[in-house]
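Summary of the model geometry
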Amino acid sequence: MSKKVRVRFAPSPTGPLHMGGVRTALYNYLYAKKHGGDFLLRIEDTDENRFVPGAMEYIIESLKWCGIEPNEGEGYGGDKGPYIQSVRKDMYRPYAEKLIESGAAYMAFDTSDELELMREKAKQMGMPNWQYNAVTRSSMKNSLSLSKEEVDKRLAAGEPYTVRMKMPRNKDIKFEDVIRGWITVNTNNLDDKVLFKETGMPTYHLANIVDDHLMEITHVIRGEEWLPSAPLHVMLYEAFGWERPEFAHLPLILRPDGNGKLSKRDGDRLGFPVFPIDWLNPDGEKYSGYREGGYFPEAFINMLALLGWNPGGHQEIFSLDELVKEFSLERVGKSGSRFDPEKTRWFNQQYLRAKSNEELAKMLQKTLAEKAIQKDDAYVAKVCSLMKERATFVNDIYNEGSFLFEEITSYDQIIIEKKWNDETTKIMGELIEEFKALSDFSASAIESKFTAYLELNKYGFGKVGPGFRLLVTGKGMGPSMFEICSLLGKEIVLNRMETGLKKVLELKGSK
Ligand code: GLU
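Residues numbered from 1 in each chain as written. Predicted model: local features only at pLDDT ≥ 70, side-chain atom pairs only at ≥ 80, totals over all residues. Heavy atoms only, no water.

**Brief notes about the pairing of strand E6 (residues 172-177)**
Inclusion rule: When a residue's accessible area, from a 1.4 Å probe over protein chains only, is under 20% of the maximum for its type it is buried; when over 50% it is exposed; and in between it is partly exposed. Starting at the N terminus, helices and strands are each numbered in turn, a helix being any DSSP run of H or I of at least four residues and a strand any DSSP run of E of at least two. At least two DSSP bridges between two strands are needed for those strands to be called paired.
Burial of the side chains of E6 is restricted to one face: Ile173, Phe175 and Asp177 are buried, whereas none of Asp172, Lys174 and Glu176 on the reverse face is. Relative to strand E7 (residues 181-186), E6 runs antiparallel, the two sharing 6 bridges. Paired with Lys174 across the strands is Thr184, a residue of E7. Counting the residues between successive antiparallel strands, the hairpin from E6 to E7 contains 3 residues.

**Brief notes about the packing of helix H18 (residues 461-473) against helix H19 (residues 481-488)**
What counts, and what does not: Axes, fitted as lines to C-alpha atoms, cover a helix only where it is in contact. Angles between the N-to-C directions of the axes lie from 0 to 180 degrees. Oblique is the label for any angle not under 35 degrees, not over 145, and not in the 65 to 115 range, which are roughly parallel, roughly antiparallel and roughly perpendicular in turn. In this scheme the handedness of a crossing depends on how the near helix is turned from the far one: anticlockwise by less than a right angle means left-handed, clockwise means right-handed. Only heavy atoms enter the contact rule, under which two residues are in contact if any of them lie within 4.5 Å. Gly is put with the polar residues, along with every residue not named as nonpolar or charged; the nonpolar set is Ala, Val, Leu, Ile, Met, Phe, Trp, Tyr, Cys and Pro, and the charged set is Asp, Glu, Lys and Arg.
One can describe the packing of H18 onto H19 by two numbers: an axis separation of 11 Å at closest approach and a directional angle of 30°. Here H19 runs roughly parallel to H18, going by the angle between their axes. Where H18 crosses over H19, the handedness of that crossing is left-handed. Touching Phe468, Arg469, Val472 and Thr473 of H18 are Met481, Phe482, Ile484, Cys485 and Leu488, all from H19. Of the residues in the contact of H18 with H19, the class split is 7 nonpolar, 1 polar and 1 charged.

**Quick look at the side chain of Thr218**
The cut-off we apply is this: Nitrogen and oxygen atoms within 3.5 Å of one another constitute a polar contact, given that in protein one can donate a hydrogen and the other can accept it, and given that sequence-neighbouring residues count only through two side-chain atoms.
With respect to the helices and strands, the residue Thr218 is situated in the loop between helix H6 (204-214) and strand E9 (219-223). Of the polar contacts made by the side chain of Thr218, one reaches the side chain of His219; its length is 2.8 Å. Thr218 has contacts with Lys3, Lys4, Val5, Arg6, Pro245 and Glu246, leaving out every residue within four places of it along the chain.

**Description of the pairing of strand E5 (residues 162-165)**
Working note: regular strand, side chains alternate between the two faces of the sheet. In E5, alternate side chains face the same way, and those of Thr162 and Arg164 on one face and Val163 and Met165 on the other are all buried. Examined bridge by bridge, strand E4 (residues 105-108) and E5 share 4 bridges and lie antiparallel to one another. Each residue of the ladder has a partner; that of Ala105, found in E5, is Met165. Here E5 runs beside strand E8 (residues 194-196); their pairing, made up of 2 bridges, is antiparallel. Each residue of the ladder has a partner; that of Val163, found in E8, is Phe196.

**Observations concerning the site of the ligand**
Our working rule: Being near a molecule or strand, for a residue, comes down to having at least one heavy atom within 4 Å of it. Note on areas: Shrake-Rupley, 1.4 Å probe, and residue coverage restricted to the protein chains presented here. Method remark: on a 1 Å grid restricted to protein atoms, a set of points is classed as a cavity if a 1.4 Å probe fits but cannot get out and as a pocket if it is open with protein on both sides within 12 Å along at least five of seven lines; lining residues have an atom within 4 Å of a point. Occupancy of a cavity or pocket is assigned to a molecule whenever over half of its atoms lie within 2 Å of that pocket's grid points.
Taken together, Arg8, Ala10, Pro11, Ser12, Glu44, Tyr204, Asn208, Arg222 and Trp226 make up the full set of residues near the ligand. A distance of 2.8 Å separates a nitrogen atom of the ligand from a polar atom in the backbone of Ala10. Contact distances for the ligand include 3.3 Å between an oxygen atom and a side-chain N or O atom of Trp226. Look at the ligand: alone it shows 290 Å² of surface, and the protein chains cover 85% of it. Its atoms largely coinciding with the cavity grid, the ligand occupies the largest pocket.

**Notes on empty space enclosed by the protein**
Here is the rule we go by: Grid points are joined across faces, edges and corners, and a volume is the space filled by probe spheres set on the points.
Counted according to the given criterion, the structure contains 1 cavity of 30 Å³ or more. If you add up the space inside the largest cavity, you get close to 40 Å³. Lining the largest cavity are Arg93, Ala96, Glu97, Ile100, Tyr161, Val163 and Phe196. Per element, the largest residue contribution to the lining of the largest cavity is 4 residues, and it comes from helix H3 (residues 93-102).

This is the structure:
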């Protein structure tokens, strides 16, 4: 029997979760669900200096909003916890010691000042990227370069030390990545990474491997930026003698112009969100999110799923269930995927159109309540039905159709200037009289009356339509006037036409 699939999303709470991070979580989620496996959330907070308060809560809330919640992990329970690395702190030391004992790692006593001095010296000698590695370690203060007596003396004196990986010289590390195929890296290009800090805290590398092992992770699906760390991780699994999970390194998400990685700062600079939900940085800076921008989580997730994964057909709209069914790591591309904000809006529009009027009405009622507008659900649902083809976001229904909720406060100046003349004034007067005679104010009755009036006078639509729309809605464009009028009701329509006529003439006169 093959092992149960267990994947994890392992963010570091160093700030808000970028949409690239959400995509990593999504692919992990899809992979787990597809294979009937587990999706874990583990918080990797071993870097105390980069910890940002509120970031963990933000991550949890974001995943919840996206509908891709873990079934195990911080906040979700499970028997392999705790799932926050700082809480697991005391578990890691024995593993570091094991590596020292087996010779895979060593103790380094160099202070940060000494390391800094070394880097400075190297820089002056024309080597800007000094590394602690197989070549330089012999001239540093560590358990490989110092005598056993010296090391024991330092330990007895309680001198702090870090544990570093002992990178062998000139060895090819080979491993297979599900997305990228075989990868070979020579250890001459790798340094002796710190695995355990003098503070008693492991670094990301050690904690990550120990936890993936203890939590029985079968597949590590993560961003491409972790690919350079993978050879070290492969070596750590070997050093511990543990079976290694499969690796799958996801491609980058690129800026809309294809120029480089989409960064945290790009969103607000280029006018689209790069975060799932709003984030207020401790320094007071605000980053905007998809949720507050009016996006549906399903649309956001659908867009993200296709940013790197190619379903292979022409279908673009996928529900989460469909994504689970279709997803495979083999169809995730190697090269970066360009983020397209326009397409993202398109996805939202598609999801909006697919929603029932009643569902949209419920959402729109929230906006209306903020504006102290009271309309019953049936009325709001009719407005949604009329306006939804023109909307990308729920709020567009209000913004584009405010005349269905509130009195008109302005009239389209261009229509007044270009389409209104003395004849329009006369025609509107007559149209008011025609409508007054209507007892049935349904859309079809209004339409028949309107068409009969046009035919009788041999008027084309363009002579009457724009003025009519202007008086009732204040605008130059919109959905069917007959539907609008029927929704508003006879009293409001006649009232608007009469007062509108006066106002438009005033506006025209004052020009
Ligand atoms: N803690 C790492 C991050 O912040 C996780 C990398 C991994 O998944 O191994 O992305």
